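Here's the letter readout for the chains.
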Amino acid sequence: MKFGILVNEGPYTHQASDTAFKFTEAALQKGHEIVRVFFYHDGVNNGTRLTTPPQDDRNIVNRWSELGAAHDLDLVVCVAAAQRRGIADADEAKRNGKDADNIAPGFRISGLGQLVEAGILADRLMIFGD
Amino acid sequence: MLHTINKSPFERNSLDTCLRLAKPGSDLLFVEDGVYAVTVGTAVQDNVKKATEEHVLYALGPDLAARGITEDQVIDGVNIVDYGDFVDLAAKNDRVQAWL
Amino acid sequence: MANGNKKFMYVNRRAPYGTIYALEGLEVVLIGAAFDQDVSMAFVDDGVYQLKKGQDTGATGMKNFSPAYRALGDYDVTKLYVEKESLDQRGLTADDLLDLTYEDEDDDYAEKPSVRIVSGEELAGILDEQDVIFNF
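Counting restarts for each chain: residues are numbered from 1 in the order of the written sequence. Chain A is the first chain written and ligand 1 is the first ligand written, with later ones labelled in order. Note on the predicted model: pLDDT of at least 70 is required for a residue's local features to be given, and 80 or more for side-chain atom pairs to be given and counted; whole-chain, interface and lining totals, by contrast, use all residues.

Let us look at the overall build of chain B. Each helix is a run of DSSP H or I of at least 4 residues and each strand a run of E of at least 2, with the numbering of both proceeding from the N terminus. A count of helices and strands for chain B gives 4 helices and 5 strands. Ordering the α and β elements of chain B from the N terminus gives β-α-β-α-β-α-β-α-β. For 100 residues, the compact-globule formula gives about 13 Å, and the C-alpha radius of gyration of chain B, at 12 Å, lands near that figure. Considered along the principal axes of its C-alpha atoms, chain B spans approximately 30 × 30 × 25 Å. Put simply, a residue is buried when 20 or more other C-beta atoms lie within 10 Å of its own C-beta and exposed when 12 or fewer do; between those, it is partly exposed, and each C-beta is set from the backbone. Here chain B, with 100 residues, has 48% of them falling under the buried criterion. A separation of at least 24 residues holds for 67% of the contacts in chain B among residues at least 6 apart in sequence. In this treatment the radius of gyration is a C-alpha quantity, and the globule benchmark scales as 2.2 Å times the residue count to the 0.38 power. Placing a C-beta atom from the backbone of each residue, one calls two residues in contact when those atoms lie within 7 Å.

Following this line, the structure appears as structure tokens:
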């Protein structure tokens, strides 16, 4: 089965990103395919490499990057939502005249079309939000 | 259809809306703060008990445990599942609706 | 590229302005319209407030995005289901809602209403026919 994953909230403030991660992990363990993990609304905040969470708690950003690398996942941060909230890669930073970028490893920034496409390509679109 | 409910029934009306719009015979999965709805002795217990007659109800074990809810505190008829079962439920149903 | 004609349903349950979900949800619908799928929207609970007439955000400093709903008809999004129970609970009627229309190319481009007020039971049936259901 092909799953699309939509994460609507940022790390820590809501459990959405945690539940999405646990679901994604379980789906991969069962041999399913993850078409894309799309981060929208405050979910784009899962894609910043500047977090320093307490050492004795889970590192939400890093574990998405690690899971992404281990399984070649397509982790996509919505460009419009990212622009609103200040998540940028080097290209976006340059294009918008910002003096820094902050995207985390394994994430890429792209348009909402990627979310709609995931809905078309996947057998099930799983939504995690508030 | 698989319906997921992730908010407490005392915080949000999502459970009410889900019950109003779910066709009989649906699978209802309670996750995150949604699991409070399936604990015994609450003001929504009767509604949830009634729902077990029309639908099949599930609650995510890890979320129950995180909130200190033991098996005997869960309403009779609600099945306790893990993340793997969550995946299976999503695969088994033709469509999924997340009542945020 | 993407293929298949799926039934896409966008469920809206939140009021506008208090949170961004109404605005950013609408942005997905408008972008998604380019993908040629069978798109509908449902307005339930506080989501019905998104379609309330007369929104004037000037004094709040926020952008009034309600005019964007008028574009839906041009983007072939012509099925906007509004749940009657949600309207009743909020003391609203059809007269309180934006007058959204589309031109039916199969009927000599006659102008028709996009807003369809349905009961919860009818909406449950409609949801059950969908392939992909979005919630924001």
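To continue, consider the interface of chain B and chain A. Taken together, the contact pairs 11 residues of chain B with 14 residues of chain A. Listed by contribution, the elements that provide at least two residues to the side of chain B that touches chain A are helix H4 (83-92) and strand E5 (96-99) of chain B. With 6 residues, H4(B) is the largest single contributor of residues to the side of chain B that touches chain A. Classes in brief: Ala, Val, Leu, Ile, Met, Phe, Trp, Tyr, Cys and Pro nonpolar; Asp, Glu, Lys and Arg charged; the others, Gly included, polar. The class makeup of the residues in the side of chain B that touches chain A is 9 nonpolar, 1 polar and 1 charged.

All right, on to the environment of A:Asp101 then. Position of A:Asp101 relative to the elements: it lies in the loop between helix H4 (90-95) and strand E4 (107-110). Residues in contact with A:Asp101, not counting those within four places in the same chain, are A:Ala88, A:Asp89, A:Ala90, A:Glu92 and A:Ala93.

For helices, the fitted line uses only the C-alpha atoms of the stretch in contact; every axis is such a line through C-alpha atoms, and the angle between N-to-C directions lies from 0 to 180 degrees. Running from N to C, helix H1 (residues 16-29) of chain A and H4(B) point in directions that differ by 75°, and their axes come no closer than 8 Å. In terms of orientation, H1(A) and H4(B) fall into the roughly perpendicular class. Each of A:Lys22, A:Phe23, A:Ala26 and A:Ala27 in H1(A) lies in contact with H4(B), whose residues at this interface are B:Tyr83, B:Gly84, B:Phe86 and B:Val87. Oblique is the label for every angle not falling under 35 degrees (roughly parallel), over 145 degrees (roughly antiparallel), or within 65 to 115 degrees (roughly perpendicular).

A few words on the interface of chain A and chain C. On the chain C side, the residues contacting the 16 residues of chain A number 17 residues. Breaking the side of chain A that touches chain C down by element, the ones donating at least two residues are helix H3 (79-85), helix H5 (113-121) and strand E5 (124-128) of chain A. Here the element with the most residues in the side of chain A that touches chain C is H5(A); it accounts for 7 residues. Per-class residue counts for the side of chain A that touches chain C are 10 nonpolar, 5 polar and 1 charged.

So, on to the sheet that holds E5(A). Residue and element names in this part refer to chain A. Here, any two strands with at least 2 DSSP bridges between them count as paired. Taken together, the 5 strands give an open sheet; going across it, the order is E4-E3-E2-E1-E5, and neighbouring strands pair in parallel fashion. Unpaired on one side and paired on the other, E4 and E5 mark the two borders of the sheet. Sheet twist, expressed as the mean angle between neighbouring strand axes with direction ignored, is 25°. Here strand E2 (residues 33-39) pairs with strand E3 (residues 75-78) via 3 bridges, running parallel.

It is worth spelling out the packing of H1(A) against helix H2 (residues 60-71) of chain A at this point. All names here are of chain A. Interaxial distance between H1 and H2 falls to 11 Å at its minimum, and their mutual angle equals 20°. Classified by the angle between their axes, H1 and H2 sit roughly parallel to one another. Crossing geometry of H1 relative to H2 is assigned as left-handed. Note on element contacts: H2 touches H1 through Ile60, Arg63, Trp64, Leu67 and His71, opposite Ser17, Phe21, Thr24, Glu25 and Leu28. Across the contact of H1 with H2, the residue classes tally to 5 nonpolar, 3 polar and 2 charged. Two helices crossing with the near one rotated counterclockwise from the far one by less than a right angle form a left-handed crossing, whereas a clockwise rotation gives a right-handed crossing.

With that out of the way, let us pick up unusual backbone geometry. The phi torsion at A:Tyr12 lies on the positive side, around 75°, for a residue other than glycine. The phi torsion at C:Asp36 lies on the positive side, around 60°, for a residue other than glycine. With respect to the secondary-structure elements, C:Asp36 resides in the loop between helix H1 (21-32) and strand E2 (38-43).

All right, on to the sheet that holds strand E3 (residues 56-60) of chain B then. Residues and elements named next belong to chain B. Here we have 5 strands laid out as an open sheet, ordered E4-E3-E2-E1-E5, and parallel in their pairing. One side of each edge strand has no neighbouring strand; the edge strands of this open sheet are strand E4 (78-81) and E5. The mean inter-strand angle of the sheet, taken between neighbouring strand axes irrespective of direction, is 25°. Pairing of E3 with E4 involves 4 bridges; the strand directions are parallel. Counted as the bridge partner of Leu60 is Val81 from E4. Where H4 meets the sheet, its contacts fall on strand E1 (2-5), strand E2 (27-30), E3, E4 and E5, and the angle it forms with E2 comes to roughly 150°.

Residue and element names in this part refer to chain A. Examined against the element boundaries, Gly47 turns out to sit in the loop between E2 and H2. Considering only alpha carbons, one finds Gly47 and Ile34, 13 residues apart in sequence, at a separation of 18 Å. Once you skip the residues sitting within four places of it in the chain, Gly47 turns out to touch Phe39, Val77, Ile87, Ile103, Ala104 and Phe107.

Our next topic: the pairing of E3(A). Every second residue of E3(A) is oriented toward a common face, with A:Leu75 and A:Val77 on one face and A:Val76 and A:Cys78 on the other, all of them buried. For the crossover from E2(A) across H2(A) to E3(A), the handedness is right-handed. Place the viewer so that the strands point away; then a crossover is right-handed whenever the path from the first strand over the helix to the second strand goes clockwise.

Think of pLDDT as the predictor's per-residue confidence, scored from 0 to 100. With 98% of its residues at a pLDDT of at least 70, chain C reaches an overall mean of 95. For this predicted complex, the interface confidence score (ipTM) comes to 0.97, while the overall pTM stands at 0.97.

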